[in-house]
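Structural overview
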Amino acid sequence: MINYLLNHIEALKVALRRLFFAKAGSLVMFLIIGITTCLPMSALLFLENIKQASSQIEYSAEISIFLTNDYKDDDLKTFTSFLKEQPIVSKITFEKKEDAWVKLQKKIMIDGDSLIEKNPLPDSFYLSLATLDENEIDYLVKELKEFAIIDDVLLDSAWVNKLNSLLSLGELIINFLGILLLSVLAVIIGNTIRLQALSFKDEIEVSKLIGASNAFIRRPFLYTGIFYGIGGAIVAIAIIKLMIFIFNYYAYVIESILGFNISINDLLTTHYLTMIILTIVIGWLASYFSTNRTLSKVKNNS
Amino acid sequence: MIRFDQVYKRYPGYQEALQNISLEILPGELVFVTGPSGAGKSTLLKVLSSIEKPSSGTVIFENFNLAQAKDNTLNRIRKKFGMVFQDHKLLYDRNCYENVALPLAVNNIFGQEAEKRIRAALDKVGLLNKERMMPITLSGGEQQRLAIARAIVCRPSIIIADEPTGNLDKGYANDIMNIFFSFQQVGVTVIISTHELPNIPMRFKHIHLENGQLKLNQQPYDQLPA
Ligand SMILES: Nc1ncnc2c1ncn2[C@@H]1O[C@H](COP(=O)(O)OP(=O)(O)OP(=O)(O)O)[C@@H](O)[C@H]1O
Ligand SMILES: [Mg+2]
């Protein structure tokens, strides 16, 4: 057991030595992996920030309710108390048709003359909602339509639905992009390790000749692959943090002119952790398969 | 003990490098394998150390038939041999000390025990003062001795050396031979190949190959019938 551990420590040392032996090459690998990983990560950063921004404008979801022209006052009372009971309704505004008419006339008045003689408007309610959840909103709209005093219900949150579906499309694209770039990474790392294993052909050959198992020979390369993953992840995190820092630095200046917040928030720790784990796993897998290929080649030659 | 029984070795697309070889090597023997270039000396040593499998026939080592053993078994058996390869096969990206450390690492030996053994092996071949040097900076004879140090560091019971005195002048060659003699004296089986035909003392076993065929299998004099 202790020997097994020592064996791993030794393989780790060997991997580190190789990494330092080829400083420039290792650095280039870190950069390639880092930059490649950065692409889906910055897309994710962009998406996450849009998501957060869209959740901040939750009160923008509104429902306009137009009443029939001849309802009874009792019905109005029942309806109003129904609205007050709804947990997702955060604000209720009732507008008499006369008031709405005055407002409208102001808007469409041309040279003091109204184009429309008679008030076409009904009494109406405007509801602000405390949620963006489509199902909850749809359910409320359905319930509203049951009331006899209601002529029509208009949902202003359609754009929210559009945004939501755009966001999930964005997520899909990021996942796709992520998988695509991860396979690119696997190919890059695999190829580099393969070339590296090829340059250590002598050592592999000697080790095999004196009785080393494949697992023993593979081990340092697996660590190299893992180190590539870690190094690349660090570069990726550095680039993203730097990007956020620079953006927010200038955003701070612009905000004072615009008067509202445009700075972006960092990704979650879980995002970063997932990324690190993925690059490590990719590094490990890629070096596993490419070392195997080299091992079988060396075997045929000896 | 190692026993060859009607061993043939055919490399793919090549004529037979070994033909119908039957021989026996006893523990503690020092064996010279001689023959002109291309005679099959290296091939014989490779089959003997389970690096190459025979095309037909049997090679018995410690109750294992190397011709049919599995990879795991072969790995285990190879660890028992100390190999000096014809082309050294030193690692040029590591210093002398680290080169000698490789077989120990393969055998899971690290730390102080490893250090002690590496120093002892380097001392044995007279390279202790050069342990931090890179092999490329060593002379041919020193590289050869480094290869020997690597072969003996795991204290093998059998040492197999393929032309260990290859391109060395006489003085160096004698130094190296003396190292092997000293190992035989403490009970190690030593098998050495050479393409020159030195005067092989009668007390050693002498195997001579030509065109893959066994031309001479001279027993040491103490085993000859009186
Ligand atoms: N891997 C191989 N593939 C094909 N043919 C080989 C291989 N190794 C050796 N041979 C052939 O087998 C024959 C015996 O080779 P071997 O290396 O055993 O000779 P040798 O006696 O060691 O020669 P030398 O003194 O030059 O080292 C040679 O004719 C050689 O060309
Ligand atoms: Mg040879």
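Residues numbered from 1 in each chain as written. Chains lettered and ligands numbered in written order. Predicted model: local features only at pLDDT ≥ 70, side-chain atom pairs only at ≥ 80, totals over all residues.

Focus on the overall build of chain B
Looking only at helices and strands, chain B has six helices and 10 strands in total. Here chain B holds 226 residues, and the buried ones make up 39% of them. Sequence-distant contacts, at least 24 apart, represent 66% of the contacts inside chain B between residues at least 6 apart. (Helix = DSSP H or I, 4+ residues; strand = E, 2+ residues; numbered from the N terminus. Buried ≥ 20, exposed ≤ 12 C-beta atoms within 10 Å, placed from the backbone. Contact = placed C-beta atoms within 7 Å.)

Structural notes on helix α1 (residues 41-48) of chain B
Structural remark: α-helix, 3.6 residues per turn; residues separated by three or four positions point the same way. Among the eight residues in α1 of chain B, eight count as buried, and that is most of the element. The first or second residue beyond α1 of chain B is S50 of chain B, which carries a positive phi of 65 degrees.

Some details on the interface of chain B and chain A
Facing 16 residues of chain B, the contacting portion of chain A comprises 17 residues. Listing elements by their share of the side of chain B that touches chain A, those giving two or more residues are α2 (71-78) and α3 (96-106) of chain B. No other element matches the four residues that α3 of chain B contributes to the side of chain B that touches chain A. Here the side of chain B that touches chain A is built from residues that sort into eight nonpolar, three polar and five charged. (Nonpolar A, V, L, I, M, F, W, Y, C, P; charged D, E, K, R; others polar.)

Overview of the site of ligand 1
Residue and element names in this part refer to chain B. Within the structure, ligand 1 sits among 13 residues, and Y11, A17, S37, S42 and T43 are positioned closest to it. Examining the composition of the shell around ligand 1, we find that three residues originate from one element, α1, more than from any other. Residue composition of the shell around ligand 1, by class: four nonpolar, eight polar and one charged. (Near = placed C-beta within 6 Å.)

Quick notes on the pairing of strand β1 (residues 62-67) of chain A
Residues and elements named next belong to chain A. Because side chains alternate across β1, one face comprises the buried residues I63, I65 and L67, and the other comprises E62, S64 and F66, none of which is buried. Relative to strand β3 (residues 124-129), β1 runs antiparallel, the two being bridged by five bridges. Bridging across to β3, F66 finds its partner in S124. Where β1 meets strand β4 (residues 150-155), five bridges bridge the pair, whose relative direction is antiparallel. Residue pairing in the sheet places S64 in a bridge with L154 of β4. (Pairing = 2+ DSSP bridges.)

A short note on the nonpolar core
Core analysis: the largest hydrophobic core is formed by 91 residues, its most contacted members being I148, A149, I159, I160 and I191 of chain B. It is helix α8 (residues 214-258) of chain A that provides the largest number of residues to this core, a total of 10 residues. Once residues within four sequence positions are removed from consideration, A149 of chain B is found in contact with V100, A121, L122, K124, V125 and L127 of chain B. If you look at the next biggest cluster of nonpolar residues, it comprises 10 residues, including A61, I63, L67 and L144 of chain A. (Core = buried A, V, L, I, M, F, W, Y, C linked by C-beta atoms within 7 Å.)

Some thoughts on the sheet that holds β3 of chain A
All names here are of chain A. Spatially, the four strands line up as an open sheet ordered β2-β3-β1-β4, and their pairing is antiparallel. This sheet does not close on itself; its edge strands, each paired only once, are β2 (89-95) and β4. Looking at each pair of strands side by side, their axes are set apart by 15 degrees on average, direction ignored. (Axes fitted to C-alpha atoms, helices over the stretch in contact; angles between N-to-C directions.)

As for the environment of V190 of chain B
Residue and element names in this part refer to chain B. Within the element layout of this structure, V190 appears in strand β8 (residues 189-194). Residue V190 is classed as buried on the basis of its C-beta count, with 23 C-beta atoms lying within 10 Å. In this structure the C-alpha to C-alpha distance between V190 and F81, which are 109 residues apart in sequence, comes to 9.9 Å. Beyond its immediate stretch of four places on either side in the chain, V190 contacts L30, I159, F180, F183 and Q184.

Here we look at the packing of helix α5 (residues 140-152) of chain B against helix α6 (residues 170-185) of chain B
All names here are of chain B. Orientation of α5 relative to α6, taken along the N-to-C sense of each, is 10 degrees, at an axis distance of 11 Å. The angle between α5 and α6 places the two elements in the roughly parallel class. Side by side, α5 and α6 meet where G141, Q144, R145 and I148 of the first sit next to Y172, I176 and I179 of the second. Of the residues assigned to the contact of α5 with α6, the class counts are four nonpolar, two polar and one charged. (Parallel < 35°, antiparallel > 145°, perpendicular 65-115°, else oblique.)

Examining unusual backbone geometry
Residues and elements named next belong to chain B. Positive phi values are uncommon outside glycine, yet Q6 reaches one of about 45 degrees. Structurally, Q6 is set in strand β1 (residues 2-10). For Q6, a count of 12 C-beta atoms within 10 Å gives the class exposed. The phi dihedral of H88 is positive, around 65 degrees, even though this residue is not glycine. Looking at the element boundaries, H88 is found in the loop between β6 (81-84) and α3.

Some words on the pairing of β1 of chain B
All names here are of chain B. The pairing of β1 with strand β4 (residues 56-61) spans five bridges and is antiparallel. Across the sheet, I2 pairs through a bridge with F61, a residue of β4. Hairpin geometry of β1 and strand β2 (residues 16-25) is characterised by an intervening segment of five residues between the two adjacent antiparallel strands and by a positive phi of about 70 degrees at G13.

Things to note about the environment of F125 of chain A
All names here are of chain A. Of note, F125 is situated in strand β3. For F125, a count of 21 C-beta atoms within 10 Å corresponds to the buried category. C-alpha separation for the pair F125 and F94, spaced 31 residues apart in sequence, amounts to 4.5 Å. The contact partners of F125, leaving out residues within four places of it in the chain, are I65, L83, I92, T93 and F94.

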